Amino acid sequence: MAIDGFFIKNLINETNDVLLNNRLEQIKMISNDTFSFVFYYMRERNYLNIKLNSPNASFFLGEIKSNSELTSNFLQTLKRNLEGYILTSIKQVNLDRVIFFEFEGNDFLLGRVSKRLVLELMGRYNNLILVDSDNTIIDAYFKNVSHTSRTIVPKHIYELYPNHKRNLDEIDYSLVDSESYLTKNYIGISPIFSKYLFENKLNPFDILVSPVRDLSTNKFYWFNLFESKNLKTYQTLSNLLLDLFDTKDVSNSRYQDFVIKLLAFNIKKKSNLEENLKSNIDNLVYENYGNYIFSSGLNLGLKYSEITSYDGTILNLDSSKTLKENALEYFKRYQKSKRSITFLEEQINDLTNLISLLEQIEFDITNNFDSYSIEQQLIPLGFKTKKKTQKPKNNKKILEIKYNDNVYYVGKNNLENEYITHTLGKPNDLWFHIKDRPGSHILMKGEVNDFSLKLGLMIAAYFSKEKNNPVVTINYTEIKHIRKIPKLPGYKVILKQYKSENIRIDHTLINQVLLANDLK
């Protein structure tokens, strides 16, 4: 991750210079994961933005122009508790990716009070947590109840996320025996920084801040450690992050908000249809009721309010109708429910496929943003765009991971998933995908052995929505056993024959592989 503890250390320094002792005038939610804090000091407004979801989850200074504002219960809690308060300090916990924003203000009943806004930039576990002076949680962006880890819910005591690495004061390079030694043993050092320090033997605290972005890969850092000459430099880290946000995340948010709302609507619709289906299945018993009446031996021309069948079932009847009329009414209800079941099952199946598609698109937006391919999939679903996104040049740059004479191809979106599965893949190539969850299609070309198979499983787990789970279930098979599903997009497939295996990601190995391919 480019935004490591040292990146945050330097970002806090520049943020403190601008925001200390500013009064918080307004809090806005400009996208589903981005909050903008408007401060006022000495007749001047300053802006702090906090972005919680990947890519590039961070905080940075600068005004973001936005035509739309969202609302949420968490936003309202922030506004009630912090607007009008003074920002007194911004602190980092050791060199970890945890930042404390300390506020002070006046409460009508309690007088002068202090509150803390905690920003945790922990990958999948990014969070924004508001706590009071007693360290009791007031509210959180992501809430979590756990019996084995931290519980993050209102009225619980806030605890730091456990970190078993050591704090870094100085480096004894005589102990550093590999490029990953520092990142594995010390807080705040990313793999890319660990590799740089191993090669150059520098004191990280003496390196000057000079923000830079490699335009050929879109990688960035707080100083230049790239070999590329296609670089863009920035005066501040906030300018760098604001540039990344402006060029990518604004449009990302438009797509993400649309998908999240459409997902919620269709999940609720599917639930209602499933309840309706259950009700109609229960109504199939009406056929038995009609048969009970005709086999009762009673005069079908007479009227009854109820009768008891041969197995003791009491049938409540319409006393204004004859037995025959009641029986025919039951048969009519049975036929209606029988027809409805077929229709409902088709509708539920269609919604299941649509929800699966939306979950995959949501994963693509968050992890592998490609505006053209995303837009092509969303427009048929009702997404409105003011101007047509330009189609990229027709040269497929599929992500390749090479290791031990094997090549693993990674689909970064649905279109690439379809391409590597049905075009790039040959009959005997191995194919991997997470079981029943959004993720990339992985294609392996090369020798199949225990290690190459295990690595393929790990890569499929790593490039999936469940990458941070302790154990992930992966399906794998040869390309020749994969079939397209009629009337569905090509990335949706049927596996005629496959195996499943639970895999635990070895993050040290994955980082080593990604570093070897210059992907970290």
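Relevant structure appears above.
The rules we used
- Residues numbered from 1 in each chain as written.
- Predicted model: local features only at pLDDT ≥ 70, side-chain atom pairs only at ≥ 80, totals over all residues.
- Heavy atoms only, no water.
- Helix = DSSP H or I, 4+ residues; strand = E, 2+ residues; numbered from the N terminus.
- Buried < 20%, exposed > 50% of the residue type's maximum accessible area, 1.4 Å probe, protein only.
- Contact = heavy atoms within 4.5 Å.
- Lys, Arg positive; Asp, Glu negative; His and termini not counted.
- Charge placed at Lys NZ, Arg CZ, Asp CG, Glu CD.
- Polar contact = N/O pair within 3.5 Å; in protein donor to acceptor, adjacent residues only side chain to side chain.
- Pairing = 2+ DSSP bridges.
- Axes fitted to C-alpha atoms, helices over the stretch in contact; angles between N-to-C directions.
- Expected span 1.5 Å × (residues − 1).
- Phe/Tyr/Trp six-rings, centres within 6.5 Å; stacked < 30°, edge-to-face > 60°.
- Lys NZ or Arg CZ within 6 Å of the ring centre and 35° of its normal.
- Patch = residues over 30% accessible without salt bridge, like charges linked within 9 Å, V, L, I, M, F, W, Y side chains within 5 Å.
- Areas by Shrake-Rupley, 256 points an atom, 1.4 Å probe, with all protein chains shown as cover.
- Salt bridge = Lys/Arg side-chain N within 4 Å of Asp/Glu carboxyl O.
- Parallel < 35°, antiparallel > 145°, perpendicular 65-115°, else oblique.
- Nonpolar A, V, L, I, M, F, W, Y, C, P; charged D, E, K, R; others polar.

**Some details on the overall build of the protein**
When its secondary structure is counted, the protein shows 11 helices and 22 strands. Along the longest, intermediate and shortest principal axes, the C-alpha atoms of the protein span 100 × 70 × 50 Å. Scored against the burial criterion, the 520 residues of the protein give a buried share of 49%. A separation of at least 24 residues holds for 54% of the contacts in the protein among residues at least 6 apart in sequence. Within the protein, the 61 negative side-chain charges are centred at a point lying 6 Å from the centre of the 68 positive side-chain charges.

**Side note on the side chain of Ser58**
Note on placement: Ser58 falls in strand β4 (residues 58-61). A relative accessible area of 1% places Ser58 in the buried class. Within the local environment of Ser58, its side chain forms a polar contact with the backbone oxygen of Asn56, the two atoms lying 3.1 Å apart. With sequence-adjacent residues up to four places away left out, Ser58 is seen in contact with Ile3, Asn49, Ile50, Lys51, Leu121 and Leu241.

**Observations regarding the sheet that holds strand β11 (residues 219-221)**
What the three strands build is an open sheet, ordered β11-β10-β12; its pairing is antiparallel. Two strands bound the open sheet, and with one partner strand each, they are β11 and β12 (231-233). Pairs of neighbouring strands in the sheet enclose a mean axial angle of 20 degrees, with direction left out of account.

**Focus: helix α1 (residues 5-19)**
Structural remark: α-helix, 3.6 residues per turn; residues separated by three or four positions point the same way. Given a rise of 1.5 Å per residue, 15 residues ought to cover 21 Å, and the 20 Å separating the end C-alpha atoms of α1 matches this to within 8%. With 11 of 15 residues buried, α1 lies mostly within the body of the structure. Along α1, the residues classified as buried are Gly5, Phe6, Phe7, Ile8, Asn10, Leu11, Ile12, Glu14, Thr15, Asn16 and Leu19. Structurally, the start of α1 carries an N-cap: the backbone nitrogen of Phe6 is 3.3 Å from a side-chain oxygen of Asp4.

**Here's the deal with the sheet that holds strand β19 (residues 472-478)**
Neighbouring strands of a sheet are bound in pairs by backbone hydrogen bonds; such pairs are parallel or else antiparallel. Taken in spatial order, the six strands make up an open sheet running β15-β16-β18-β17-β19-β22, and their pairing is antiparallel. Pairing within the sheet leaves two strands with one partner each, and these edge strands are β15 (399-403) and β22 (499-503). Pairwise comparison of adjacent strand axes, ignoring direction, gives a mean angle of 25 degrees for this sheet.

**A short note on the packing of aromatic side chains**
Throughout the structure, instances matching the rule amount to 29 aromatic pairs. Both rings, one in Phe35 and one in Phe74, keep their centres 5.7 Å apart while their planes meet at 85 degrees; by these two values the pair is edge-to-face. Within this pair, whereas Phe35 is found in strand β2 (residues 34-41), its partner Phe74 is found in helix α2 (residues 73-82), the two being separated by 39 residues in sequence. The class of Phe35 is buried, set by a relative accessible area of 0%. For Phe74, a relative accessible area of 6% corresponds to the buried category. With a centroid separation of 5.7 Å and an interplanar angle of 70 degrees, the aromatic rings of Phe193 and Phe223 are classed as edge-to-face. Within this pair, whereas Phe193 is found in helix α4 (residues 191-200), its partner Phe223 is found in the loop between β11 and β12, the two being separated by 30 residues in sequence. Side by side, Phe193 and Phe223 carry an identical accessibility label, which is buried. In this structure an aromatic cluster arises from ring pairing among Phe6, Phe7, Phe193, Tyr196, Phe205, Phe220, Tyr221, Trp222 and Phe223. Stacked on the ring of Tyr462, the Lys or Arg Lys467 has its end atom at 3.9 Å from the ring centre.

**Overview of the pairing of β19**
Of all seven residues in β19, five are buried, a share of seventy percent or more. Two strands pair when backbone bridges link them, and strand β17 (residues 430-434) and β19 are joined in this way by five bridges, in the antiparallel orientation. In the strand pairing of β19, Leu430 is matched with Glu478. Examined bridge by bridge, β19 and β22 share five bridges and lie antiparallel to one another.

**Notes on the pairing of strand β9 (residues 137-140)**
Of the pairings in the sheet, the one linking strand β8 (residues 127-131) to β9 comprises three bridges and is antiparallel in character. By the bridge assignment for β9, Ile129 is matched with Ala140. Counting the residues that bridge the hairpin from β8 to β9 gives five residues, and of these Asn135 lies at a positive phi of roughly 65 degrees.

**Re a nonpolar patch on the surface**
Taken together, the side chains of Phe108, Leu109 and Leu110 present a nonpolar region at the surface, about 510 Å² in accessible area. Relative to the helices and strands, Phe108 is located in the loop between β6 (98-107) and β7 (111-120).

**Structural notes on the packing of helix α10 (residues 450-462) against helix α11 (residues 507-516)**
Contact pair α10 / α11: the axes reach a minimum separation of 11 Å and the direction vectors enclose 90 degrees. With respect to α11, the element α10 is oriented roughly perpendicular. In this structure, α10 uses Phe451, Leu455, Met458, Ile459 and Tyr462 to contact α11, whose residues at the interface are Leu509, Ile510, Val513 and Leu514. Taken together, the residues of the contact of α10 with α11 break down into nine nonpolar, no polar and no charged.

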